[in-house]
Amino acid sequence: MRSLAITFVGPVQPGIPVQVQAEVLREGRAVTQVLGRAVQNGETMCIVQGSFGAGRPSVSMCRLSLRLPRLRQRPASARPLLRV
């Protein structure tokens, strides 16, 4: 698998049949793209899009540089946001 994206569009209702559909969008020499869909009562509930293919050597390199914001320290006397 090269990539997979899943989108939950709406909740599936229990006890009601769900139809699963799959479609090959493109089948190339190295990668195949597939689209899947879960449909209930004529409405799309979930979409899955995947790219499948064998690994291969690559000369491209990518460096990721993230700058995260500094978080303020909460004073020890502060009350917790959630009590369990």
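Asks: I'd like to hear about the overall build of the protein, residue by residue, with values.
Replies: When helices and strands are counted, the protein shows 0 helices and 4 strands. Along the protein, helices and strands appear, N-terminal first, in the series β-β-β-β. Counting over 84 residues, the protein shows a buried share of 12%. Intrachain contacts of the protein at a sequence separation of at least 6 include 43% that bridge at least 24 residues. Approximately 8300 Å² of the protein is accessible, and the part contributed by carbon and sulfur atoms is 55%.

Asks: Requested: an account of a nonpolar patch on the surface, with residues and values cited.
Replies: Together, M1, L4, I6, F8 and F52 line one region of the surface with nonpolar side chains, adding up to about 570 Å² of accessible area. The element best represented in the nonpolar patch is strand β1 (residues 3-8), accounting for 3 residues. The residue F52 is located in strand β4 (residues 43-53) in this model. We classify F52 as partly exposed; its relative accessible area is 36%.

Asks: I'd like to hear about unusual backbone geometry, residue by residue, with values.
Replies: Apart from glycine, the bulk of residues carry a negative phi angle, and the bulk of peptide bonds sit in the trans form. Residues other than glycine seldom take positive phi values, yet N41 does so here, at roughly 55°. Take N41: it is sitting in the loop between β3 (31-40) and β4.

Asks: Before we move on, could you go through the sheet that holds β4 and cite the residues and values that matter?
Replies: Strand pairs in the sheet, formed through backbone hydrogen bonds, run parallel or antiparallel to each other. Read from one edge of the open sheet, 4 strands run β1-β4-β3-β2, paired in antiparallel fashion. Unpaired on one side and paired on the other, β1 and β2 (19-27) mark the two borders of the sheet. Direction aside, neighbouring strands of the sheet carry axes that sit 15° apart on average. Where β1 meets β4, 6 bridges bridge the pair, whose relative direction is antiparallel. Counterpart to L4 in the pairing with β4 is G50.

Asks: I'd love a proper account of the pairing of β4, names of residues and values included.
Replies: Two elements, β3 and β4, share 10 bridges in a ladder whose sense is antiparallel. Within the sheet, the bridge partner assigned to R37 lies in β4 and is I47. Counted along the chain from β3 to the antiparallel partner β4, the turn is 2 residues long, and its residue N41 has a positive phi close to 55°.

About the cut-offs
- Residues numbered from 1 in each chain as written.
- Predicted model: local features only at pLDDT ≥ 70, side-chain atom pairs only at ≥ 80, totals over all residues.
- Heavy atoms only, no water.
- Helix = DSSP H or I, 4+ residues; strand = E, 2+ residues; numbered from the N terminus.
- Buried < 20%, exposed > 50% of the residue type's maximum accessible area, 1.4 Å probe, protein only.
- Contact = heavy atoms within 4.5 Å.
- Areas by Shrake-Rupley, 256 points an atom, 1.4 Å probe, with all protein chains shown as cover.
- Patch = residues over 30% accessible without salt bridge, like charges linked within 9 Å, V, L, I, M, F, W, Y side chains within 5 Å.
- Salt bridge = Lys/Arg side-chain N within 4 Å of Asp/Glu carboxyl O.
- Pairing = 2+ DSSP bridges.
- Axes fitted to C-alpha atoms, helices over the stretch in contact; angles between N-to-C directions.

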